[in-house]
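Next come the chains, spelled out residue by residue.
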Amino acid sequence: MEELVGLLRIRVKRGINLAQRDTLSSDPFVVITMGSHKLKTRTVENNCNPEWNEELTLAVKHPDEPVNLIVYDKDTFTSHDKMGDAKIDIKPFLEVHKMDLQELPDGTEIKRVVPTRDNCLSEASSIVSNNGKIVQDMILLLKNVECGEVEIQLEWIEIPGSKGL
């Protein structure tokens, strides 16, 4: 059995200006995958600006594996329509955790990540200290779709006794 290195908590906050896939709106939900792990939010009906505010937690065995986010429109009688996708670049976030920073004042910006063609960020994203934890808020620009963004937050949870990062 492979050893876990930690848990990645992803707060899927909201969708922004998501594509319309039904007659008047869409019924979006988010699927996040990492390797064989697959997690999903609830569906928000008839809303192209949904508020999910859900926490999904991935058990991380291989920190180099890509984390993918896909938005779907739920359809009852046909297959779900894809509403865009994004790769979540967790490398800068994990690099900060390897620094083993302790007891930083709330709001301390540790690192700023700027958008590139590879990271799907729609704007600069800060990795900050918040209530004794290190978190990263980001807005992902969805690809393979005409419009849409998804706002998420990353948080790393150490597992006592694990080999860590």
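A. Geometry of helix H1 (residues 91-98). All of the buried residues in H1 are Pro92, Phe93, Leu94, Val96 and His97. Of the surrounding secondary structure, the elements contacted by the buried residues of H1 are strand E1 (6-16), strand E7 (109-113), strand E8 (125-130), strand E9 (133-141) and strand E10 (149-157). Asp100 occupies a position one or two residues after H1 and carries a positive phi of about 55°.

B. Representation of the sheet that holds strand E4 (residues 51-60). An order of E4-E1-E10-E9-E8-E7 is seen for the 6 strands of this open sheet, with the pairing classed as antiparallel. Because the sheet does not close on itself, it has two edges, and the strands there are E4 and E7. Ignoring strand direction, the axes of neighbouring strands in this sheet form an average angle of 20°.

C. Representation of the packing of aromatic side chains in the model. A full pass over the atoms with the stated rule returns 1 aromatic pair. An angle of 25° between the planes, with centres 5.6 Å apart, marks the rings of Phe29 and Tyr72 as stacked. Taken together, the positions of Phe29 in strand E2 (residues 28-34) and Tyr72 in strand E5 (residues 67-73) put the pair 43 residues apart, joining distant regions of the chain. Judged by its relative accessible area of 22%, Tyr72 is partly exposed. Between Lys40 and the ring centre of Phe29, over which it is positioned, the NZ or CZ distance is 4.7 Å.

Parameters and conventions
Residues numbered from 1 in each chain as written. Predicted model: local features only at pLDDT ≥ 70, side-chain atom pairs only at ≥ 80, totals over all residues. Heavy atoms only, no water. Buried < 20%, exposed > 50% of the residue type's maximum accessible area, 1.4 Å probe, protein only. Helix = DSSP H or I, 4+ residues; strand = E, 2+ residues; numbered from the N terminus. Contact = heavy atoms within 4.5 Å. Pairing = 2+ DSSP bridges. Axes fitted to C-alpha atoms, helices over the stretch in contact; angles between N-to-C directions. Phe/Tyr/Trp six-rings, centres within 6.5 Å; stacked < 30°, edge-to-face > 60°. Lys NZ or Arg CZ within 6 Å of the ring centre and 35° of its normal.

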